[in-house]
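# Inside the fold
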2 protein chains.
Amino acid sequence: MERNEALALVEPHLKAVRFEHTKRVVDTAINLAEQYGVDKQKAELAAVFHDYAKYRDKQEMQRWIEQEALPKDLLDFHHELWHGPVGALLVKREIGITDQSVLDAIRWHTTGRANMTPLEKVVFLADYIEPGRDFPGVGEVRDQAKQDLDRACWMALKNTITFLMSKDATIYPDTFHAYNDLLRVVE
Amino acid sequence: MERNEALALVEPHLKAVRFEHTKRVVDTAINLAEQYGVDKQKAELAAVFHDYAKYRDKQEMQRWIEQEALPKDLLDFHHELWHGPVGALLVKREIGITDQSVLDAIRWHTTGRANMTPLEKVVFLADYIEPGRDFPGVGEVRDQAKQDLDRACWMALKNTITFLMSKDATIYPDTFHAYNDLLRVVE
């Protein structure tokens, strides 16, 4: 699927600011893919559709999680985490993308998971460091992304967990599994 | 089993400073048990033996984990975490304690886990706040332990995770699960 065609398919599902974010994630993901020898077309496709389900109604997402083969424990965690797994499902059903590696990159782009593929890391990291992002620590992760994909992803996960804990928020298990897993890779 | 008899059984397995720690954990656990309506004899017994395997040879603990029905992922984490699960196993085999609730309190005293029983919480917390402990945040947890067993345990877990992350250390999954679980109870 050509980039503009894909963007035209996702645009109606996003608010304008989110669509701008998506385009920056696409550019960032392509750059990271080139840098780290990841399939650029797959990175582009996953990035375009990574937030496809971002604005789905919460009750609709809950129904998909309950009815489909998605982890039920998602329902015990913040609904902000649901749009990745639900998005992967809907991008397959509604857009017809069947490449599992692309769907997985969409699925795990928010939480991460243990044993992420390079494609999953690229999309996860692009979403975290795209140039519109501005939160504590993003500069260090952006710098690290030029040097070491694994370490940059691990820093992003560590920042995320630290931030959530400072807010007394729950942490989705796949996020700390990803943290533990990548720590063993980078240390 | 009478307290002095139990202490006499554990003493040969511990260094002197660790035996003193154990006696303080026993006193603290009994106080917490009384305060929160937990069986004092069970709390006493679990506290006496909580560090039974603390000084077992690392290779011996590794063999127990490999050979017995213990989680194999322990081997991917710091060996400091092994003495709880291995201790529960050895206290059953060598001391003859068969009360599963006591063995579980020994087993989870370092990592915690989701859905801890009140007895498990008492031993976990007593180990964390006994009066010989002196590390950042212990005073707040000690104060909280007078008010709310769940919140005190959750604060201890949060402190532990924060400390480990500040050292770029891995976090055993059950510790995160305990943090998430108790957060839902206290918030």
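To be clear, the structure that these remarks concern was listed above.
Attention in this report is confined to the structure presented alongside it. Keep in mind the model is a prediction, meaning the values are calculated, not measured. (Residues numbered from 1 in each chain as written. Chains lettered and ligands numbered in written order. Predicted model: local features only at pLDDT ≥ 70, side-chain atom pairs only at ≥ 80, totals over all residues. Heavy atoms only, no water.)

## A look at the overall build of chain A
The condition that has to hold: Numbering of helices and strands runs from the N terminus; a helix is a DSSP stretch of H or I covering at least four residues, while a strand is a stretch of E covering at least two. When a residue's accessible area, from a 1.4 Å probe over protein chains only, is under 20% of the maximum for its type it is buried; when over 50% it is exposed; and in between it is partly exposed. Contacts were defined at the residue level, with two residues in contact if any of their heavy atoms lie within 4.5 Å. Accessibility throughout is a Shrake-Rupley quantity obtained with a 1.4 Å probe, and a residue counts as covered only by protein chains that appear here. The convention is simple: Lys and Arg are positive, Asp and Glu are negative, and His and the chain ends are not counted. Where a charge lies is defined by one atom per residue type: Lys uses NZ, Arg uses CZ, Asp uses CG and Glu uses CD.
What chain A contains, in helices and strands, is 10 helices and 0 strands. When its helices and strands are written in sequence order, chain A yields α-α-α-α-α-α-α-α-α-α. Principal-axis analysis of the C-alpha atoms places the extent of chain A at approximately 40 × 35 × 30 Å. Residues classed as buried in chain A amount to 53% of the 187 residues present. Taking all contacts inside chain A whose residues are at least 6 apart in sequence as the whole, residues at least 24 apart take part in 61%. Total accessible area on chain A stands at roughly 8400 Å², and carbon and sulfur atoms take up 48% of it. Distance from the positive charge centre (24 side chains) to the negative charge centre (31 side chains) of chain A: 2 Å.

## Observations regarding the relation of the copies chain A and chain B
Basically, it comes down to this: When the copies are superposed, the least-squares fit draws on C-alpha atoms of residues that have pLDDT of at least 70 in both.
Superposing chain A onto chain B requires a rotation of 180 degrees together with a translation of 0.1 Å along the rotation axis, leaving an RMSD of 0.0 Å. The superposition operator between the copies reduces to a two-fold rotation axis. Taken together, the interface assignments show that 100% of the residues at the interface of chain A recur at the interface of chain B, consistent with an identical surface on both copies.

## Some details on helix H4 (residues 58-67) of chain B
Residue and element names in this part refer to chain B. Spelled out, the test is: To be clear, the arc concerns the directions from the helix axis to the C-beta atoms. Here a polar contact means two N or O atoms within 3.5 Å. Within protein one must be a hydrogen donor candidate and the other an acceptor candidate, and residues neighboring in sequence count only if both atoms are side-chain atoms.
Taken as a whole, H4 has its buried residues at Glu60, Met61, Trp64 and Ile65. What you see down the axis of H4 is that its buried residues fit within an arc of 140 degrees, all on one side. You can read the cap of H4 off the contacts: a side-chain oxygen lies 3.0 Å from the backbone nitrogen of Gln59, and it is on Asp57.

## Notes on the nonpolar core
The following threshold applies: What is meant by a nonpolar core is a set of buried Ala, Val, Leu, Ile, Met, Phe, Trp, Tyr and Cys residues, joined one to another through side-chain atoms within 4.5 Å.
Ranked by size, the top nonpolar core spans 136 residues in total, and within it Phe49 and Leu125 of chain A together with Phe49 and Leu125 of chain B carry the most contacts. When neighbours within four sequence positions are excluded, Leu125 of chain A is seen to be in contact with Leu32, Val141, Ala145, Leu149, Ala152 and Cys153 of chain A.

## Re the side chain of Lys54 of chain A
Residues and elements named next belong to chain A. Structurally, Lys54 is set in the loop between helix H3 (40-49) and helix H4 (58-67). There is a polar contact of 2.7 Å between the side chain of Lys54 and the side chain of Glu80. Sequence-distant contacts of Lys54, defined by excluding residues within four places in its chain, comprise Leu14, Arg18, Glu80 and His83.

## Concerning the interface of chain A and chain B
The criterion, for reference: Buried area is a sum: the accessible area each of two parts loses on coming together, probed at 1.4 Å, counted once for each and added. Counted as salt bridges are all cases of a side-chain nitrogen of Lys or Arg within 4 Å of a carboxyl oxygen of Asp or Glu. Under the scheme applied, nonpolar residues are Ala, Val, Leu, Ile, Met, Phe, Trp, Tyr, Cys and Pro; charged residues are Asp, Glu, Lys and Arg; polar residues are all the others, including Gly.
Taken together, the contact pairs 20 residues of chain A with 20 residues of chain B. Roughly 1600 Å² is buried in total at the junction of chain A and chain B, and carbon and sulfur atoms are behind 59% of that figure. Taken together, chain A and chain B are joined by 2 salt bridges. Counting every contact that joins chain A to chain B gives 10 residue pairs in polar contact (both at pLDDT 80 or more). Put simply, the parts of the chain that give the side of chain A that touches chain B at least two residues each are helix H9 (149-166) and helix H10 (173-186) of chain A. The residue makeup of the side of chain A that touches chain B, split by class, is 11 nonpolar, 4 polar and 5 charged.

## Considerations on unusual backbone geometry
In this structure, Asn115 of chain A takes a positive phi of about 60 degrees despite not being glycine. With respect to the secondary-structure elements, Asn115 of chain A resides in the loop between helix H6 (100-107) and helix H7 (118-129). Phi at Asp168 of chain B takes a positive value of approximately 55 degrees, unusual for a residue other than glycine. Note on placement: Asp168 of chain B falls in the loop between helix H9 (149-166) and helix H10 (173-186). According to the relative accessible area criterion, Asp168 of chain B is partly exposed, its value standing at 31%.

## Here's the deal with the pattern of salt bridges
All names here are of chain A. As enumerated under the stated definition, the model contains 34 salt bridges over all chains in all. Where Arg24 meets Glu130, a salt bridge forms, and the shortest distance between an N and an O atom there is 2.5 Å. Separated by 106 residues along the polypeptide, Arg24 in helix H2 (residues 16-36) and Glu130 in the loop between H7 and helix H8 (138-145) bring together distant segments of the chain. Among the residues examined, Glu130 registers a relative accessible area of 2% and is labelled buried. For Glu34, the salt bridge identified is with Lys40, shortest N-O distance 2.6 Å. Taking relative accessible area as the criterion, Glu34 reaches 53% and is therefore assigned exposed.

## Some remarks on the packing of helix H1 (residues 3-10) of chain A against H2 of chain A
Between two packed helices, both the angle of their axes relative to each other and the distance between the axes serve to describe the pair. Residues and elements named next belong to chain A. To be explicit about the condition: Convention adopted: a line fitted to C-alpha atoms gives each axis, helices being fitted over their contacting stretch, and angles between N-to-C directions are expressed from 0 to 180 degrees. Should the near helix be turned anticlockwise from the far one by less than a right angle, the crossing is left-handed, and should it be turned clockwise, the crossing is right-handed.
Following both chains from N to C, one finds H1 and H2 inclined at 150 degrees, their axes separated by 11 Å at the closest point. The handedness of the crossing between H1 and H2 is right-handed. Judged by residue contacts, Arg3, Leu7 and Val10 of H1 engage Phe19, Thr22, Lys23, Val26, Asp27 and Ile30 from H2.

## Overview of the packing of H7 of chain A against H9 of chain A
All names here are of chain A. Stated precisely, the cut-off is as follows: To sort the angles, those under 35 degrees are grouped as roughly parallel, those over 145 as roughly antiparallel, those from 65 to 115 as roughly perpendicular, and the leftovers as oblique.
Their axes nearest at 10 Å, the elements H7 and H9 cross at an angle of 50 degrees. Put simply, H7 runs oblique to H9. The handedness of the crossing between H7 and H9 is left-handed. In this structure, H7 contributes Pro118, Lys121, Val122, Phe124, Leu125 and Tyr128 to the contact, and H9 contributes Leu149, Asp150, Ala152, Cys153, Ala156, Leu157, Asn159 and Thr160.

## What to know about the environment of Gln147 of chain B
All names here are of chain B. By the element assignment, Gln147 lies in the loop between helix H8 (138-145) and H9. Placed 14 residues apart in sequence, Gln147 and Ile161 show a C-alpha to C-alpha distance of 22 Å. Gln147 has contacts with Gln35 and Tyr36, leaving out every residue within four places of it along the chain.

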